[in-house]
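Notes for the structure review
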Amino acid sequence: MPLTLRTIACLNDNYAYLLHDEESGATACIDVPEIEPLERALSDEGWSLTEIWVTHHHDDHIQGVDALRASTSAKVVGAKADAHRLPKLDDAVSDGDIFNFAGHDVQVMDVSGHTIGHIAFYVPAANAAFTADSLMTMGCGRLFEGDARTMWVSLQKLASLPSETLICSGHEYTEANIRFAMSVDSDNPALLKRAEHVAALRAKGAFTVPSLLSEELETNPFLRATNANLAAKLGMAGADPADVFAEIRGLKDRF
Ligand code: ZN
Ligand code: FE
């Protein structure tokens, strides 16, 4: 029986996700920016929350965890390395761990860069990776704690997942990300097409998450640091992709 995924808009531009297993009734929530939209979605669906998975310590991802735990008695799963600055964890997990969610594997990936200790949850049975502020639709998180090389290693791990993986990221930043992408990669035909598609989605108020990893590989400039044309345009032909990534991240910070 397939897992059901719901994307929940929270706060101004955050996203949380619900993942539900019909057969067992188990439901996981990934990140808790605030509780009202999540409680509403749970009651609309008739689902009871059994687990909360947190990606990283920033308030806009965890500030509702304690209240949601109190109202649902869900268990909380998060990074062992970050336990000192996360809500109390029932299960502390580390890079490479595989835990069980209603009979389905969940793979824990360290994707540090935005923060040190940021993790992603990859659920092959749902074709989904919950990446929050690491790999995002058309972008990646700002480097608050890690350096460019650390983020590049994290993005490479995510880039090696199956290309049909849904990238379930943490924010609706896509239009701004596209504007930046156009400034560095405007002769990429896939980017031009995607810019039109995103504009159409946003015009009707639709979400641009989750996105497909295959689309990110073609159009997300932060994953295209390996692309020879893009490197050449930045005056970095033949450079180490990690250095090209660092240059692109720096340009975005100043954009
Ligand atoms: Zn964050
Ligand atoms: Fe965030």
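It should be emphasised that the depicted structure is a prediction, and the values quoted were computed from it without experimental measurement.

What follows concerns the coordination of the iron ion (ligand 2). Protein ligation of the iron ion (ligand 2) involves Asp60 (OD), His61 (NE2), Asp133 (OD) and His171 (NE2), the donor distances falling in the range 2.1 to 2.5 Å. For the iron ion (ligand 2), the four donor atoms are set out with angles of 83 to 169 degrees between them, so the coordination reads as irregular. Each donor residue of the iron ion (ligand 2) lies on one chain, and together they are spaced D-H-x71-D-x37-H. A separation of 3.1 Å is found between the iron ion (ligand 2) and the zinc ion (ligand 1), both of which receive a donor from Asp133. In this pair, Asp133 sits in the loop between strand 10 (128–132) and strand 11 (135–136) while His171 sits in the loop between strand 13 (166–169) and helix 5 (174–185), placing the two residues 38 residues apart along the sequence. Since its relative accessible area comes to 4%, His171 is described here as buried.

Looking at the protein, the domain boundaries give domain 1 (3–169) and domain 2 (174–253). Each of domain 1 and domain 2 has a C-alpha centre, and the two are 24 Å apart. Listed as interface residues are 30 residues of domain 1 and, on the opposing side, 31 residues of domain 2. Buried surface at the junction of domain 1 and domain 2, both sides included, amounts to about 2500 Å², of which 68% is carbon and sulfur. When the buried surface of domain 1 facing domain 2 is broken down by residue, Thr137, Met138 and Trp152 rank first, second and third, together holding 34% of it. Taken together, the connections running from domain 1 to domain 2 amount to three salt bridges. A salt bridge links Asp243 to Arg149, with the nearest nitrogen and oxygen atoms 3.3 Å apart. At the junction of domain 1 and domain 2, the tally comes to eleven residue pairs in polar contact (both at pLDDT 80 or more). Broken down by secondary-structure element, the contributors of at least two residues to the side of domain 1 that touches domain 2 are strand 1 (3–10), strand 2 (14–21), strand 11, strand 12 (139–140), helix 4 (148–159) and strand 13. Counting residues per element, the side of domain 1 that touches domain 2 draws most heavily on helix 4, which supplies seven residues.

Basis of the calculations
Residues numbered from 1 in each chain as written. Chains lettered and ligands numbered in written order. Predicted model: local features only at pLDDT ≥ 70, side-chain atom pairs only at ≥ 80, totals over all residues. Heavy atoms only, no water. Donors = N, O, S within 2.8 Å, 3.2 Å for Na, K, Ca; no water. Tetrahedral: all angles 85-135°; square planar, octahedral: opposite > 155°, others 65-115°. Helix = DSSP H or I, 4+ residues; strand = E, 2+ residues; numbered from the N terminus. Buried < 20%, exposed > 50% of the residue type's maximum accessible area, 1.4 Å probe, protein only. Domains from an automatic or database assignment. Contact = heavy atoms within 4.5 Å. Buried area = accessible area lost by both parts, 1.4 Å probe. Salt bridge = Lys/Arg side-chain N within 4 Å of Asp/Glu carboxyl O. Polar contact = N/O pair within 3.5 Å; in protein donor to acceptor, adjacent residues only side chain to side chain.

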